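Tertiary structure, described
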Amino acid sequence: MLQASPNTSAMIHSSPTLGYPDHSPNTSGELRHSLASSLASVTARSLNDSRDTSMWTSYTPQSMDSGYPSNMKHFSHPKPVLQSFEDFENSNVFEAQSLLEERHREEEERLQRFLSEEREKEFKRLDETIEVEKEQAASDILASVDNLAMHNSTRSLDLIAERERIEEHFKKSRDERLKHVTDKIANEEKTRSSRMLERHCVEMMTLIGEKDREADRSSLYDHTMRAPILPPECKKCELFKSPVVFEHLDTRAVELANQDYSNYTELVRDLTRGCKSELEKVRVLFRWIIAKDLRKNTAHEILRPNAAVSSLFKGVKSGKETYHQLFKKLCCFAGIHCEVILGYSKGAGYKPGMRMDGTAFRNSWTAVCIDGSWRLINCTWAARHVSGHKDDLPQIFHKYDEFYFLTDPEDYIYQHYPDDPAWQLIEIPLPFSEFINLPVVKSPFFNYGLRFYSNYGATLTTETGMVEIRLVMPKILGYGSLLEPYNKNTSDAKQLDGRTLLRFVKNEAIFTVALPKAGVFYFSIYTGDYSHSECLESACSFLINCVRLSGPPSPPYPPVPFFGPTPVMDQLNIATDKNDVDPLIVCNSDYIELNFKMSKEIKITHTFQYFDVGDESVTDIDRFVFLRSRNDTVANYLVRCPKEGFYIFSLFCADTAIDAHSLDCAYRYLVICQEPSPNTGAFPKTYHKWNRCTLYEPIAGDLLTDKRYNFRMDVPQAVEVFVVIGSMWHHLKRKLGFSWEANINVGSQPGPAKVHARFQAGRDASTFPQLLEFEITEDVETEI
């Protein structure tokens, strides 16, 4: 199995530590941030290949707004005569490949013998040089002793100490030189092996091309002809709708990964058996190479650990060959053109704003040609090792990352920058400086269908301390975020808690960051499935540069994961009022109304809490929210904010058709009160039987003594309705329909005023369930 993708190296909760074979790195209106160049607005560019490509296309690209316009015509690519497994089998391709592979193996072994001899010569030459230098040093010491004796010097040399010093010096010198020689030899071996691989692949494609011409002498195209390096003609989603279409190929690839083979011909023959297209061949080779555990030793290697590596994959095991080169070799046996691409990558260890130069963050990946169109593949980053436990025993679960199979170039450019701009495979190549200025984006960002609302740069600059990042999402997902100081040695971590607000508005996830002070910070976003993911995966990250704060910093936000709808809203077909698309509400009035539309009978309840920014405590204040009206189609809430600050309203629901023991959160509102209501009174308290009822007056929950109040409400199916104050039962008169009304003096004694109703006659005539409760108070202010 390959090493894991660096895109999952940063996870929330219990994610494993991952690596990989190749070295790879990793708003409010006043907001100002640096933007990367748009990847969406592109136009046709001149072909990099000066050769005549008229045989490749019957369509000349015109200026376009994107790399894949909806009305784009497909290129008419010529295809080789032999494509499917049956074509190769019937034309005896595999038999011819077996003979050629045998010759290639003899050349590889001869090269290894030559390199082994050269290695021994270099080591011997090094040892001889060290011995000469050591003897010279010893001679110099003896000469010093003689010189001291001739001059009758009182000074003396400790010969034993000098000898130990010389031995230590030359031991250290040999180790340093040996490392240098070893690195030099290793690079030479990799270079020679790479050149041999290129030649062998050309010879293999030439062999298959000869078989093409034998099968059809009139064909103008064969496997020796490589397509020009151009952007792919369509998106990945147009090649196949879902990986499910490859299920049978994936299963076979994983099964064959557990078998041993002595030659590539038989391996590729078994892998591609039944494949009808180049796409299917590439898929099965891709799934095999990321499922094959080349770190695991065979029985022969375990029994003879000191024997030379003689397996089919000794190049990869010895480090002289990369997984990408192995994939290229397999593709050539299958008749697929494949190129290893060199460049820079934003992988493990890379953070927004970091520089890329020299050997740091160097990487490689591959491009394959499928039906005349080049596509990007990264076998090493596609592999994942996930540690877990099963039946109380440690176990490794093998996963793969679908993102790195035939990745669309406009997505791939966020992570990888090739040395040759043509291999970006986009219409207008992106400058390296703009690649550096792109946010760090990981594969889960694309796997979950996320997109940026606008073009964000890697560094977001603000002078207000406020930054907003908006993601377009296909559905409600689980999210997490991490805000951390650029300099982790500082003690700012605690100050950054509660500095991020997340809210869902339509199909957007909006992150608002309120910095406590000026400085430089890292901000990372994590995502995963809303309810079934055990951990959240790293999606994207930014560098935030707050030059200065133009005013006092904003207070921290309430400790709530997000505000807005949850999947329960769709499951129960609940909707908010069309004007309440944003769960953030600014309250500057006596009260606000919240309406929820429903299509069936649903159990509902709510909570209303106040967040104190001073001590960051959360207090329940349910009496300041009132379910004014509730029927089968709508629930109407009144919400009052008695003082400035943050308020959290949460709606919980469950389907009455299901015997639910608990209600799930369906929606959260964040209410910001800038000007508290002059009326600080609470609302009436509601009880379970307050269902399908509506209160018109009095709305206030606190009633003043020695006052008359008009009680008016709708109570469907009620036979009698009373207001109970002390021992007095005041009857409400029934008006039109199910409306009940009465004008009542609440008296001079403080205490509760309760609304009861009788809904049935007969044996239940004595049952008077409570609906509402008011509080009769003297003329004083009500505190939270």
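Residue numbering note: each chain is counted from 1, following its sequence as written. In keeping with the model being predicted, local features are shown solely for residues with a pLDDT of at least 70 and side-chain atom pairs are shown and tallied solely at 80 or more, while totals for entire chains, interfaces and linings include all residues. Excluded from the side-chain calculation are hydrogens and water; included are all heavy atoms of the structure.

Attention now moves to the sheet that holds strand β14 (residues 500-505). Pairing is antiparallel across the open sheet formed by four strands, whose spatial order is β10-β12-β15-β14. Strand pairing shows two members of the sheet lacking a second neighbour, β10 (451-452) and β14, which therefore form its edges. At least two DSSP bridges between two strands are required for those strands to pair. Under the DSSP-based scheme used, a helix requires at least four consecutive residues in state H or I and a strand at least two consecutive residues in state E, with every element numbered from the N terminus. In the sheet, β14 pairs with strand β15 (residues 508-514) via six bridges, with the strands oriented antiparallel. Note that in β15 the partner of Leu501 across the bridge is Thr512.

With that settled, consider the nonpolar core. Here, the term nonpolar core denotes a set of buried Ala, Val, Leu, Ile, Met, Phe, Trp, Tyr and Cys residues that are joined through side-chain atoms within 4.5 Å. Only protein chains enter the calculation, and the probe is 1.4 Å; a residue is then buried if its accessible area is under 20% of its type maximum, exposed if over 50%, and partly exposed in between. Counting 115 residues, the largest nonpolar core has Trp288, Phe327, Val368, Ile469, Leu471 and Tyr479 as the members making the most contacts within it. Any two residues whose heavy atoms approach within 4.5 Å are treated as being in contact. Not counting chain neighbours up to four residues away, the residues in contact with Phe327 comprise Val282, Leu285, Phe286, Ile289, Cys338, Thr366, Val368, Ile377 and Cys379. In terms of nonpolar packing, the next biggest core, distinct from the first, is built from 32 residues, Val568, Tyr637, Leu651 and Ala682 among them.

Next up on the list: empty space enclosed by the protein. Gaps left between atoms show up when a probe the size of a water molecule is rolled over them. In this structure, the largest cavity spans a volume of roughly 130 Å³. Using a grid of 1 Å spacing that covers the protein atoms alone, one calls a set of points a cavity when a 1.4 Å probe fits there but cannot get out, and a pocket when the set is open and has protein on both sides within 12 Å along at least five of seven lines; lining residues are those with an atom within 4 Å of a point. Taken together, Glu101, His104, Arg105, Glu108, Leu197, His200, Cys201, Met204, Tyr264, Leu312, Lys329 and Phe333 form the lining of the largest cavity. Among the elements of the structure, α2 (93-150), α3 (159-215) and α10 (323-333) are those that each provide at least two residues to the lining of the largest cavity. What the second largest cavity holds in volume is close to 100 Å³. Along the wall of the second largest cavity there are 15 residues; nearest its centre are Pro80, Tyr221, Glu278, His337 and Gly372. Charged means Asp, Glu, Lys or Arg here, nonpolar means Ala, Val, Leu, Ile, Met, Phe, Trp, Tyr, Cys or Pro, and polar covers whatever is left, Gly included. Taken together, the residues of the lining of the second largest cavity sort by class into eight nonpolar, five polar and two charged. Grid points are joined across faces, edges and corners, and a volume is the space filled by probe spheres set on the points.

Bringing the pattern of salt bridges into the picture now. Throughout this description, the term salt bridge denotes a Lys or Arg side-chain nitrogen within 4 Å of a carboxyl oxygen of Asp or Glu. A full pass over the atoms with the stated rule returns 42 salt bridges. One salt bridge connects Arg503 with Asp582, and the closest N-O pair in it is separated by 3.0 Å. Within this pair, whereas Arg503 is found in strand β14, its partner Asp582 is found in the loop between β19 (575-576) and β20 (584-587), the two being separated by 79 residues in sequence. On the accessibility criterion, Arg503 (12% relative accessible area) is buried. Judged by its relative accessible area of 25%, Asp582 is partly exposed.

It is worth spelling out the packing of helix α5 (residues 247-256) against helix α7 (residues 278-291) at this point. Each axis is a line fitted through C-alpha atoms, and for a helix only the stretch in contact is used; angles between axes span 0 to 180 degrees, taken between their N-to-C directions. Interhelical geometry of α5 versus α7 gives an angle of 40° and a closest axis separation of 8 Å. Judged by the inter-axis angle, α5 sits oblique to α7. Of the two elements, α5 crosses α7, and the hand of that crossing is right-handed. Of the residues in α7, those in contact with Leu249, Asp250, Ala253, Val254 and Leu256 of α5 are Glu280, Arg283, Val284, Arg287, Trp288 and Ala291. Residue composition of the contact of α5 with α7, by class: seven nonpolar, no polar and four charged. Note on angle classes: values under 35 degrees are labelled roughly parallel, values over 145 roughly antiparallel, values of 65 to 115 roughly perpendicular, and the remainder oblique. The hand of a helix crossing depends on one turn: near helix anticlockwise from the far one by less than a right angle means left-handed, and clockwise means right-handed.

The next thing to look at is the side chain of Lys328. Relative to the elements of secondary structure, Lys328 occurs in helix α10. Here Lys328 is in contact with Leu197, Glu198, Cys201, Cys338, Glu339 and Val340, once residues within four sequence places are set aside.

Bringing the pairing of strand β26 (residues 645-655) into the picture now. Most of β26 sits inside the fold, with 10 of its 11 residues counted as buried. Pairing analysis gives 10 bridges linking strand β22 (residues 602-612) to β26, with the strands arranged antiparallel. By the bridge assignment for β26, Thr607 is matched with Ser650. Note that β26 and strand β27 (residues 664-673) share nine bridges and pair antiparallel. In the strand pairing of β27, Leu651 is matched with Tyr667.

All right, on to the side chain of Lys329 then. Mapped onto the secondary structure, Lys329 falls in helix α10. The buried category is assigned to Lys329, whose relative accessible area is 8%. Setting aside anything within four residues of it in sequence, one finds Lys329 in contact with Glu108, Leu197, Cys201, Tyr264 and Glu321.

Moving on, we get to the confidence of the model for the protein. On a scale of 0 to 100, pLDDT captures the predictor's confidence in every residue. Looking at the protein as a whole, the pLDDT averages 82, with 82% of positions reaching at least 70. Throughout residues 7-75 the model reports pLDDT below 50, and contacts reaching past four residues in sequence, or to other chains, amount to 187 contacts. Across residues 299-303 the pLDDT falls below 50, and counting only partners more than four positions away or on other chains, this stretch makes six contacts in the model.

A few words on the sheet that holds strand β8 (residues 416-418). Read from one edge to the other, the open sheet built from five strands follows the order β7-β4-β3-β2-β8, with strand pairing classed as antiparallel. Each edge of the open sheet is held by one strand with a lone partner, namely β7 (405-407) and β8. In this sheet, adjacent strand axes meet at a mean angle of 50° when their direction is disregarded. The strands touched by α10 within the sheet are β2 (338-345), β3 (362-370) and β4 (373-377), with β2 carrying the most contacts at an inclination of about 160°.

Between 30 and 60 degrees the pair is tilted, below 30 it is stacked and above 60 it is edge-to-face, where a pair is any two Phe, Tyr or Trp rings, Trp via its six-membered ring, whose centres lie within 6.5 Å. If you walk through the whole model with that rule in mind, you get 49 aromatic pairs. Measuring from ring centre to ring centre gives 5.5 Å for Phe608 and Tyr647, while their planes differ by 10°; the resulting arrangement is stacked. Pair noted here: Phe608 is in strand β22 and Tyr647 is in strand β26, with a separation of 39 residues, a long-range link. Clustering of aromatic rings is evident, with ring pairs tying together Trp381, Phe403, Tyr404, Tyr414, Phe445, Phe446, Phe452, Tyr456 and Phe542. Residue placement shows Arg283 over the ring face of Phe405; its charged tip is 4.8 Å from the ring centre. Throughout this description, the term charge over a ring refers to an Arg CZ or Lys NZ atom that lies within 6 Å of the ring centre and within 35 degrees of the ring normal. When the ring centre of Tyr344 is taken as reference, the NZ or CZ atom of Arg362 above it lies at 4.8 Å.

Bringing α10 into the picture now. In an α-helix, one turn spans 3.6 residues; hence positions three or four apart end up facing the same way. Of all 11 residues in α10, 11 are buried, a share of seventy percent or more. Along α10, the residues that are buried comprise Tyr323, His324, Gln325, Leu326, Phe327, Lys328, Lys329, Leu330, Cys331, Cys332 and Phe333. Phi for Gly335, located one or two positions after α10, is positive at around 80°.

With omega at -5°, the peptide bond leading from Glu697 into Pro698 counts as cis. Mapping Pro698 onto the fold places it in the loop between β29 (694-697) and β30 (702-704). We note that Glu616 has phi near 55°; this positive angle belongs to a residue other than glycine. Along the chain, Glu616 turns up in the loop between β22 and β23 (617-620). Overall, Glu616 belongs to the partly exposed group, its relative accessible area being 47%. Even without glycine at this site, Asp706 takes up a positive phi of about 60°.

A rise of 1.5 Å per residue sets the reference length of α7, with its 14 residues, at 20 Å; its end C-alpha atoms lie 20 Å apart and thus fit the reference within 8%. Counting buried positions along α7 gives 14 out of 14 residues, so the element sits mostly inside the fold. Here the expected length of a helix is defined as 1.5 Å per residue gap, with one fewer gap than residues.

Glancing now at the environment of Gly681. Structurally, Gly681 can be placed in the loop between β27 and β28 (685-686). Counting along the chain gives 39 residues from Gly681 to Pro642, while the straight-line C-alpha distance between them is 7.7 Å.

Both β22 and β23 contribute to a ladder of four bridges, which runs antiparallel. Of the residues in β23, the one forming a bridge with Phe611 is Val618. The hairpin turn running from β22 into β23, its antiparallel successor, is four residues long, and Glu616 in that turn takes a positive phi close to 55°.

Quick look at the environment of Leu771 now. The topology assignment puts Leu771 in strand β37 (residues 770-777). Placed 15 residues apart in sequence, Leu771 and His756 show a C-alpha to C-alpha distance of 5.6 Å. Not counting residues within four places of it along the chain, the set of residues in contact with Leu771 comprises Lys685, Thr686, Tyr687, Lys689, Trp690, Val715, Val755, Ala757 and Phe759.

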